[in-house]
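Residues per chain are reported as follows:
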Amino acid sequence: MNSSFLHFSSITKKIWMAGLGLFLMTFLLVHLSINLCLLRNDGGEWFRTAAHFMGTNYIIKGFEIVLFGGFIFHVLLGIILQLKNWLSRPVRYRVTNKTPTPFLSKYMIYTGAVVLIFLVIHMFNFFFIKMGWVGSPVPFLQEGEPDFAGVALYLFSQPAYSIVYIVLIIALGFHLYHAFQAAFQTFGLDHKTYTPFITRFGICYAIIIPLGYIIIPLYFLI
Amino acid sequence: MAELNAKVPTGPLAGKWTRYKDHQNLVNPTNKRKLDIIVVGTGLGGASAAASLGELGFNVKIFCYQDSPRRAHSIAAQGGINAAKNYPNDGDSIYRLFYDTIKGGDYRARESNVYRLAEVSNNIIDQCVAQGVPFAREYGGSLENRSFGGALVSRTFFARGQTGQQLLLGAYGALSRQLKLGTVTLYNRHEMQELVVIDGKARGIIARDLVTGKLERHFGHAVVFATGGYGNVFYLSTNAMGSNVSACWQVFKKGAYFANPCFTQIHPTCIPVHGDYQSKLTLMSESLRNDGRIWVPKNKEDAEKHRKRLIKAKDIKEEDRDYYLERRYPAYGNLVPRDVASRAAKERCDAGYGVGDTGLAVFLDFEASIKRLGKQVIEERYGNLFQMYEKIVDENPYENPMMIYPAVHYTMGGIWVDYELMTTIPGLYALGEANFSDHGANRLGASALMQGLADGYFVLPYTIQNYLAGEIGVKRMDTSKPEFEEAEKSVRDRIEKLMAVKGNKSVDHFHKELGKIMWEYVGMARNEAGLKKAIEQIRALRAEFWKDVRIPGLAGEMNPELEKAGRVADFLEMGELLALDALNRNESCGGHFREEYQTDEGECLRNDQDYMYVAAWEYLKEGEFQLHKEPLKYEEIEVKQRIYK
Amino acid sequence: MNLTLKIWKQSGPKEKGKFVTYTLKEISPNCSFLEMLDILNEQLINKGEEPVAFDHDCREGICGTCSLYINGRPHGPDDAVTTCQLHMRKFKDGDTIIIEPWRAKPFPVVKDLIVDRSAFDKIIQEGGYISVNTGGAAEANSILVSKPNAELSMDAAACIGCGACVAACKNASAMLFVSAKVAHLGLLPQGRIEAKERVKKMVAMMDAVGFGNCTNTYACEAECPKLISRSNIARMNREFMCAKVS
């Protein structure tokens with residue numbers, strides 16, 4: 001982190017934040033489409049195929065680096081912006097603000113932090129196995145690849161894990177709920193005809209994507 | 001009684017300003033850098049002057065008591081700004097704007113100044129558009145005009161109901177640019193306390209830093225005052241709370257003449273006073289009288305019941321309503337000029353027909369218009385005003401008639417200046433509402449903004465050079481000179497004297513008392529006995545003030561009560577001069593109405609024979625003033641009687 | 001109506017402040033909020049106590065001098081008004097009203113409820129104007145402005161610079177204030193000429209004086225007494241991005 005990065009203007013930082021956020025949102029969609037394969041009652045065969053493709057295709061592997069980089073950047077920017085925001089009001093108000101504002105917009109750093117915790121758990125459960133840093137709860141596949149379908153099915157078989165998973169995904173939903181429309185505002189894409197549509201689309205996205213993720217543990221819970 | 005020389009250029013009226021500019025002295029660019037100019041006030045006049053002088057290369061210091069130059073009270077002007085552009089093709093011209101302004105001022109303004117004002121009015125619009133003032137536009141993209149009182153043409157440019165705000169922000173922008181470039185230095189939250197005069201010339205000021213309470217000395221080769229009007233001498237007015245006469249009063253005491261102080265404008269459509277605690281009156285645009293009908297109950301009992309909130313206006317039957325303006329002035333009806341409408345409202349209320357909690361209000365009723373035009377049309381025309389009224393009064397003006405009452409709005413009088421806007425102290429200038437020059441005895445709507453900007457952008461930057469050209473040999477002076485020393489000491493003594501009173505009553509108490517006296521005897525209608533009484537009472541109140549005022553806190557810190565005390569102390573002296581001038585002027589003209597001098601129909605009765613002059617007062621000592629006359633000569637205009645019936 | 005007031009008192013910028021409780025009796029509901037404070041001060045002066053210092057001037061909602069964070073809301077509970085136009089009828093008899101100054105790093109407290117907002121002036125000085133000298137302006141009607149743009153420009157130009165947007169924002173961001181000026185000038189043809197420089201310089205100063213970042217919570221818009229729209233912020237973001245990449 002050099003100082004010139006810190007000296008980016010507030011709006012530049014915001015635009016990066018928004019751009020990376022939108023990028024990460026598309027990743028969520030791709031990830032979900034693979035996860036939904038688990039719902040096919042085939043012992044995780046489809047999922048395995050998809051995971052194999054994702055794990056071996058070089059283009060995807062390249063994207064993985066971009067994804068990691070983007071994610072780290074998004075988190076760091078979020079923290080930097082937040083620190084400045086806190087520093088901008090060194091003396092707080094005695095009465096908490098009662099201005100009517102969209103509720104979730106005020107808690108992005110917190111919902112973001114929850115998503116980060118989720119990601120750490122998630123990495124621990126999957127990525128670390130792949131890297132060989134932790135052992136796998138299920139045997140590796142014959143090709144020497146970790147059996148992510150097996151790991152997923154194993155984890156969802158534990159109700160406690162499923163419940164934690166669902167709660168954390170809801171936090172992700174909260175994060176997205178504000179993020180989508182806000183990203184467009186940050187890009188300056190504001191229009192009296194299109195903005196209401198973008199807002200509605202963002203809300204749908206923030207409900208449907210997490211719902212898609214939640215269906216899977218629910219399916220295994222019930 | 002010496003006659004005053006206004007230094008008006010000779011020759012035909014239309015060519016005076018051009019000829020002046022052709023022959024005046026100028027300062028060359030290298031010398032401009034060596035000259036310091038102090039500007040007091042950041043309203044339209046001050047901000048535009050400081051910006052323009054900075055652009056020319058002078059070293060400018062600008063002072064305001066507000067926290068930002070953008071907050072000067074010019075910002076509150078609503079209606080618009082006049083210019084003789086003749087965009088609507090309705091026959092307007094510079095001469096016509098000049099003529100309307102002179103006539104509107106009841107033939108008590110200086111012809112040459114007004115002509116110059118009309119002449120530069122068009123440049124103002126060009127300048128403001130270039131600055132990005134968002135004036136109202138036609139669909140084709142050109143500028144839109146609307147009509148205003150006192151004119152047969154549409155020549156008013158406007159930015160919604162916030163024209164003053166937008167023009168001030170334009171001037172503030174120009175000033176901000178110079179602040180960034182370093183040609184102008186800003187001293188915000190500073191109040192001018194005293195003028196420093198060296199060898200007979202204005203050479204600086206003593207200012208008080210309102211945050212620290214410290215006194216500061218500032219040198220200038222010339223000093224410019226753009227400090228606004230003195231309407232707050234009445235306590236309740238449409239002026240800002242901080243608007244004051246102090247700067248003008250201090251220089252008055254140092255030898256500048258004060259002209260026509262009795263010319264004050266009372267605006268008929270303001271939201272009435274609702275209690276003793278009231279601090280401020282809010283103006284409702286004059287345009288409301290286009291569609292509203294003004295009335296009071298015919299029977300005193302109904303008025304009484306309304307005052308006690310037993311009945312509402314709606315409960316009073318049509319035949320029990322007295323549409324007194326329509327009754328008294330069948331030709332003009334509700335559209336009589338401001339002064340006439342104001343006096344008529346006062347007359348009804350004094351006779352016991354006033355409504356509202358205090359009995360000092362009349363109805364402004366839109367029922368007939370709503371019936372005739374539909375609610376939607378009324379909403380389109382006056383929606384924002386209705387909304388503002390509802391916020392303040394908590395009554396829906398679509399259902400219940402508005403209640404209004406006249407309020408002090410503008411002061412035409414001010415520091416006497418010559419054609420160059422210089423006061424009787426060489427090197428001291430006065431601009432905008434602070435001077436007396438352009439509006440005579442009554443100001444037309446949308447002319448105040450015009451004058452402030454004309455003075456600041458297009459008049460002073462020229463005329464001040466005529467003086468400064470002779471000052472280029474004067475080096476920046478050391479502020480440790482004895483004259484600065486003395487001026488600062490007099491300010492310090494005065495503050496100490498105020499702080500030392502340690503009495504029992506607050507500053508506001510005295511201000512309110514003064515306001516009551518002024519409003520009662522020196523307000524809309526004046527008479528000899530009342531004015532004499534007022535002078536007596538003001539003197540007594542002033543004596544009491546210096547014995548019994550209580551100022552908490554210390555002088556060497558931020559102390560809003562001390563600030564107010566200084567201002568009220570000056571108002572307590574100024575009020576006396578206002579009454580004295582009103583007493584001296586044995587005629588009625590414009591905003592000055594002497595009950596003894598009226599026609600049989602209750603109209604103003606001017607006395608051109610004896611009073612066609614500017615009354616410029618010189619300060620001798622407390623309560624003693626010497627009158628000087630500047631005769632008014634009308635070369636291009638035929639002087640007529642204003643009739644509205 | 002009877003009221004209990006808890007007001008922030010601080011004798012100077014570097015002094016420690018504290019809340020002081022006052023009680024007021026028989027206040028008329030038609031009284032404006034600042035007139036209520038006038039009454040309090042009158043009583044304090046009569047008792048020989050130090051009055052409460054607060055900023056105010058025009059008292060008709062246009063100069064932008066008055067401030068006050070009242071019960072958790074800048075300019076109090078009513079919408080689209082400044083504190084000077086807030087009336088006591090918006091409160092109930094027996095209410096406790098907590099009054100605080102604007103809180104933001106670039107708005108240090110001067111005394112009691114008075115803060116220093118000169119940071120706003122500094123931002124304007126960076127480019128909140130069109131660089132044109134007096135005299136020599138072109139004939140006014142030689143610059144045509146479409147009516148819709150003139151209206152939008154006027155909407156933005158209505159900003160009174162009171163700082164409620166900063167006070168309301170959880171990040172003490174000045175984006176609404178800055179964007180209103182950027183939009184006001186940027187929407188007019190005469191303002192386009194230096195639009196890129198303007199937005200870059202003004203944003204740089206906004207950051208430098210210590211305002212926070214916008215997180216699109218729109219509290220600024222909700223509290224703006226002049227109803228300045230957040231669309232202006234979007235417009236400024238857009239202008240800024242275009243200025244940076246071109």
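All values reported here derive from a predicted model rather than from experimental measurement.

Participant: How should the overall build of chain C be read in this particular structure?
Facilitator: Broken down by element type, chain C carries nine helices and seven strands. Taking the principal axes of its C-alpha atoms as reference, chain C extends roughly 60 × 35 × 35 Å. Burial analysis of chain C (246 residues in total) assigns 61% to the buried set. Put simply, 69% of the contacts in chain C that link residues at least 6 apart link residues at least 24 apart.

Participant: Even after reading the chapter, I still don't get the sheet that holds strand 2 (residues 18-24) of chain C, so can you show me in this structure?
Facilitator: Backbone-to-backbone hydrogen bonds pair the strands of a sheet. The strands run either parallel or antiparallel. All names here are of chain C. Pairing in this open sheet of five strands is mixed, and the strands run 2-1-5-3-4 from one edge to the other. The open sheet has two free edges, formed respectively by strand 2 and strand 4 (73-74), since each of these has just one partner strand. Where strand 1 (residues 3-9) lies against strand 2, seven bridges are found, and the strand directions are antiparallel. By the bridge assignment for strand 2, Trp-8 is matched with Phe-19.

Participant: Is there a simple way to explain unusual backbone geometry in this structure?
Facilitator: The bulk of non-glycine residues show a negative phi, and the bulk of peptide bonds are trans. Residue and element names in this part refer to chain C. Despite not being glycine, His-75 shows a phi value in the positive range, around 60°. As for its position among the elements, His-75 is in the loop between strand 4 and strand 5 (96-100). A count of 27 C-beta atoms within 10 Å places His-75 in the buried class.

Participant: Just checking my understanding: could you explain helix 2 (residues 10-35) of chain A for this structure?
Facilitator: A turn of α-helix holds 3.6 residues, and therefore any two residues three or four places apart point the same way. For helix 2 of chain A, with 26 residues, the first-to-last C-alpha span of 37 Å sits near the 38 Å given by 1.5 Å per residue. Taken as a whole, helix 2 of chain A has its buried residues at Ser10(A), Ile11(A), Lys13(A), Lys14(A), Ile15(A), Met17(A), Ala18(A), Leu20(A) and Gly21(A). The inward-facing, buried residues of helix 2 of chain A abut helix 4 (58-87) and helix 8 (159-187) of chain A together with helix 7 (195-208) and helix 9 (231-245) of chain C.

Participant: Please explain the interface of chain B and chain C as it appears in this structure.
Facilitator: Size of an interface, as often reported, equals the accessible area lost when the parts are brought together. Facing the 64 residues of chain B at the interface are 63 residues of chain C. Sorting the residues of the side of chain B that touches chain C by element identifies helix 3 (44-56), helix 5 (111-131), helix 6 (163-181), helix 12 (375-393), helix 13 (448-468) and helix 17 (560-584) of chain B as the ones contributing at least two each. At nine residues, the largest contribution of residues to the side of chain B that touches chain C is made by helix 6 of chain B. Partitioning the side of chain B that touches chain C into residue classes produces 25 nonpolar, 23 polar and 16 charged.

Participant: What's the story with the domain arrangement of chain C in this structure? I'm lost.
Facilitator: Domain annotation of chain C identifies domain 1 (3-111) and domain 2 (118-245). In terms of residue class, the side of domain 1 of chain C that touches domain 2 of chain C is built from ten nonpolar, five polar and three charged.

Participant: Quick question: what am I supposed to make of the interface of chain C and chain A here?
Facilitator: Taken residue by residue, the interface counts 38 residues in chain C and 35 residues in chain A. Per-element accounting of the side of chain C that touches chain A gives the leading share, nine residues, to helix 9 of chain C. Considered class by class, the residues forming the side of chain C that touches chain A number 17 nonpolar, eleven polar and ten charged.

Participant: Looking at this model, I keep getting lost on the nonpolar core. Mind explaining?
Facilitator: Nonpolar side chains tend toward joint burial in soluble globular proteins. Among the nonpolar cores identified, the biggest contains 317 residues, and Val224(B), Phe225(B), Val362(B), Ile415(B), Tyr429(B) and Val166(C) are the most heavily contacted of them. In contact with Phe225(B), other than residues within four places in its own chain, are Val40(B), Gly41(B), Ala247(B), Cys248(B), Ile415(B), Leu428(B), Tyr429(B), Ala430(B), Leu431(B) and Ala434(B).

Participant: Just to check I follow, could you spell out the arrangement of the chains for this structure?
Facilitator: Most contacts, among the two pairs of chains that meet, fall between chains B and C. For the non-touching pair chain A and chain B, the nearest C-alpha separation works out to 20 Å.

Participant: Can you walk me through the pairing of strand 9 (residues 215-219) of chain B in this structure?
Facilitator: Residue and element names in this part refer to chain B. Two elements, strand 8 (residues 201-209) and strand 9, share five bridges in a ladder whose sense is antiparallel. By the bridge assignment, Ala-207 is partnered in strand 9 with Glu-216. Turn length for the strand 8-strand 9 hairpin, with the two strands adjacent in sequence and antiparallel, is five residues, and the turn residue Gly-213 shows positive phi of about 80°.

Participant: Please explain the environment of Glu485(B) as it appears in this structure.
Facilitator: Locating Glu485(B) in the fold gives a position in helix 14 (residues 482-501). Between the C-alpha atom of Glu485(B) and that of Arg217(B), which follows or precedes it by 268 residues, the distance is 8.8 Å.

Participant: When you look at the pairing of strand 2 (residues 59-63) of chain B in this model, what are you seeing that I'm missing?
Facilitator: Look at any regular strand and the pattern is simple: side chains alternate between the two faces of the sheet. All names here are of chain B. By the criterion of burial, strand 2 is predominantly enclosed, with five of the five residues buried. On strand 2, burial covers both faces: Asn-59, Lys-61 and Phe-63 on one face and Val-60 and Ile-62 on the other are all buried. The pairing of strand 1 (residues 36-40) with strand 2 spans five bridges and is parallel. Across the sheet, residue Val-40 finds its bridge partner in strand 2, namely Phe-63. For the handedness criterion, the β-α-β arrangement of strand 1, helix 3 and strand 2 is classed as right-handed. Pairing of strand 2 with strand 6 (residues 184-187), which is carried by four bridges, proceeds in the parallel orientation. The partner of Phe-63 across the bridge, within strand 6, is Tyr-187.

Definitions and limits used
- Residues numbered from 1 in each chain as written.
- Chains lettered and ligands numbered in written order.
- Predicted model: local features only at pLDDT ≥ 70, side-chain atom pairs only at ≥ 80, totals over all residues.
- Helix = DSSP H or I, 4+ residues; strand = E, 2+ residues; numbered from the N terminus.
- Buried ≥ 20, exposed ≤ 12 C-beta atoms within 10 Å, placed from the backbone.
- Contact = placed C-beta atoms within 7 Å.
- Pairing = 2+ DSSP bridges.
- Expected span 1.5 Å × (residues − 1).
- Nonpolar A, V, L, I, M, F, W, Y, C, P; charged D, E, K, R; others polar.
- Domains from an automatic or database assignment.
- Core = buried A, V, L, I, M, F, W, Y, C linked by C-beta atoms within 7 Å.
- Right-handed = clockwise from strand over helix to strand, strands pointing away.

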